[in-house]
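The chain contents come next:
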Amino acid sequence: MEFAELHGWCMTPRQAIALQKALAHRVCTESRLPQNLRHVAGVDVSFRRGDSLFHAAVVVVDLADMACVEAVCAAIEIRFPYVPGLLSFRELPVVLEAFRKLRSTPDAVLVDGQGIAHPRRLGLASHLGLWLGLPTVGCAKSRLCGEHPPPGRRRGERVPLVLDGTVVGTVLTTRDGIRPLYVSPGHMMDVPGAAELVLACTGRYRLPEPIRRAHQCANEARQRARSDINSPFH
DNA sequence: GCGACAG
DNA sequence: ATCTTGTCGC
């Protein structure tokens, strides 16, 4: 199976699973981060219950001062239902559409979802990494699979996330006294590097700054589209 | 068969 | 993810 087969996105869950197994072999779990890491992107997707549109945003920030370098968003129709383990088939089309509009190329991409901490080692972050050929990190707010002891409650404390006897990620506390994040390499990234990058992008909030901004950006785009229905002029 | 289950 | 108001706490 080739990437081209994804163009239609008209797959059955069974076909999607077969494709994941094939693509998982292409994922690189060694760090390919540049020495001078400067521009980190965050991606997020937003949708509304009674609507059939997905909105995605990509925000690139400068790691030195968290200043926004570039921000874009896109909107397309939903083409796939939510199925745990098949999230990329639902969200990747709109995410790729947003990246198509991006003019700059980030050094790394933080994704709202899992990387290789996935039943077939191909979470949304890994799948996106393959498409983009860029280092990606999966940064999920809850667990999809794998086991771990409870991590410490202080910022920076972490425990390994183990799946089938393999460490596939890090359960990382990003703020004192809050629920941890499930951080795993997406593509061109290793387990320790993924956790360090997330920590480097996280300040006074639970989620890393690039993802927070993308989340905000995608929501604003969705609400603008919503209001345009009632007042298309303006 | 039952429970788990990113967003 | 989204539906939703106020509310308890640092």
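Residues numbered from 1 in each chain as written. Chains lettered and ligands numbered in written order. Predicted model: local features only at pLDDT ≥ 70, side-chain atom pairs only at ≥ 80, totals over all residues. Heavy atoms only, no water.

## Overview of the overall build of chain A
Along the backbone of chain A there are five helices and eight strands. In chain A, the succession of helices and strands from N to C terminus is α-β-β-β-α-β-α-β-β-β-β-α-α. For chain A, the spread of C-alpha atoms along the three principal axes comes to 50 × 40 × 30 Å. Looking at chain A as a whole, 51% of its 234 residues qualify as buried. Sequence-distant contacts, at least 24 apart, represent 64% of the contacts inside chain A between residues at least 6 apart. (Helix = DSSP H or I, 4+ residues; strand = E, 2+ residues; numbered from the N terminus. Buried < 20%, exposed > 50% of the residue type's maximum accessible area, 1.4 Å probe, protein only. Contact = heavy atoms within 4.5 Å.)

## Observations concerning the protein's contact with DNA strand B
Around DNA strand B sit 18 residues in total, of which Tyr 82, Gly 85, Gln 114, Lys 141 and Arg 143 are the nearest. Within 4 Å of the protein, the contacting atoms of DNA strand B are 51% sugar and phosphate, with bases supplying the remainder. Note that a base nitrogen of DNA strand B is positioned 3.0 Å from one of the backbone N or O atoms of Gln 114. One of the side-chain nitrogen or oxygen atoms of Arg 143 is found 2.8 Å away from a phosphate oxygen of DNA strand B. Partitioning the surface near DNA strand B into residue classes produces eight nonpolar, six polar and four charged. (Near = heavy atom within 4 Å. Polar contact = N/O pair within 3.5 Å; in protein donor to acceptor, adjacent residues only side chain to side chain. Nonpolar A, V, L, I, M, F, W, Y, C, P; charged D, E, K, R; others polar.)

## Let's talk about the protein's contact with DNA strand C
Near DNA strand C the following residues occur: Ser 46, Phe 47, Arg 48, Arg 49, Lys 141, His 215, Asn 219 and Arg 222. Residue Phe 47 places a main-chain N or O atom 3.2 Å away from a phosphate oxygen belonging to DNA strand C. If you list the elements that add at least two residues to the surface near DNA strand C, you get β1 (39-47) and α5 (209-230). Taken together, the residues of the surface near DNA strand C sort by class into one nonpolar, three polar and four charged.

## Some points on the side chain of Thr 174
By the secondary structure assignment, Thr 174 is in the loop between β7 (166-172) and β8 (181-187). A distance of 2.7 Å separates a polar side-chain atom of Thr 174 from the backbone oxygen of Arg 206.

## With respect to the UniProt feature "site: Interaction with target DNA" (unreviewed entry) in chain A
UniProt's entry tags Tyr 82 with the feature "site: Interaction with target DNA" (unreviewed entry), counted in the numbering of this structure. Position of Tyr 82 among the secondary structure elements: in the loop between β3 (68-77) and α2 (87-101). (UniProt positions renumbered as here; feature names shortened; annotations may be inferred.)

## Quick look at unusual backbone geometry
The phi dihedral of Met 66 falls on the positive side, at around 60°, and the residue is not glycine. Residue placement: Met 66 occurs in the loop between β2 (53-62) and β3. Of note in this structure, Met 188 is not a glycine but carries a positive phi near 55°. Turning to its location among the elements, Met 188 is positioned in the loop between β8 and α4 (191-200).

## Brief notes about the pairing of strand β5 (residues 136-140)
Within β5, five of the five residues are buried, which leaves it mostly tucked inside the rest of the structure. Burial along β5 is two-sided: the residues Thr 136, Gly 138 and Ala 140 and Val 137 and Cys 139 are all buried. Sheet analysis places strand β4 (residues 108-111) next to β5, joined by three bridges and oriented parallel. Note that in β5 the partner of Val 109 across the bridge is Thr 136. Regarding topology, helix α3 (residues 124-132) serves as the crossover connection from β4 to the parallel β5, and that connection is right-handed. Bridge analysis of β5 against β8 gives five bridges, and the strand direction is antiparallel. Note on β8: the bridge partner recorded for Val 137 is Pro 185. (Pairing = 2+ DSSP bridges. Right-handed = clockwise from strand over helix to strand, strands pointing away.)

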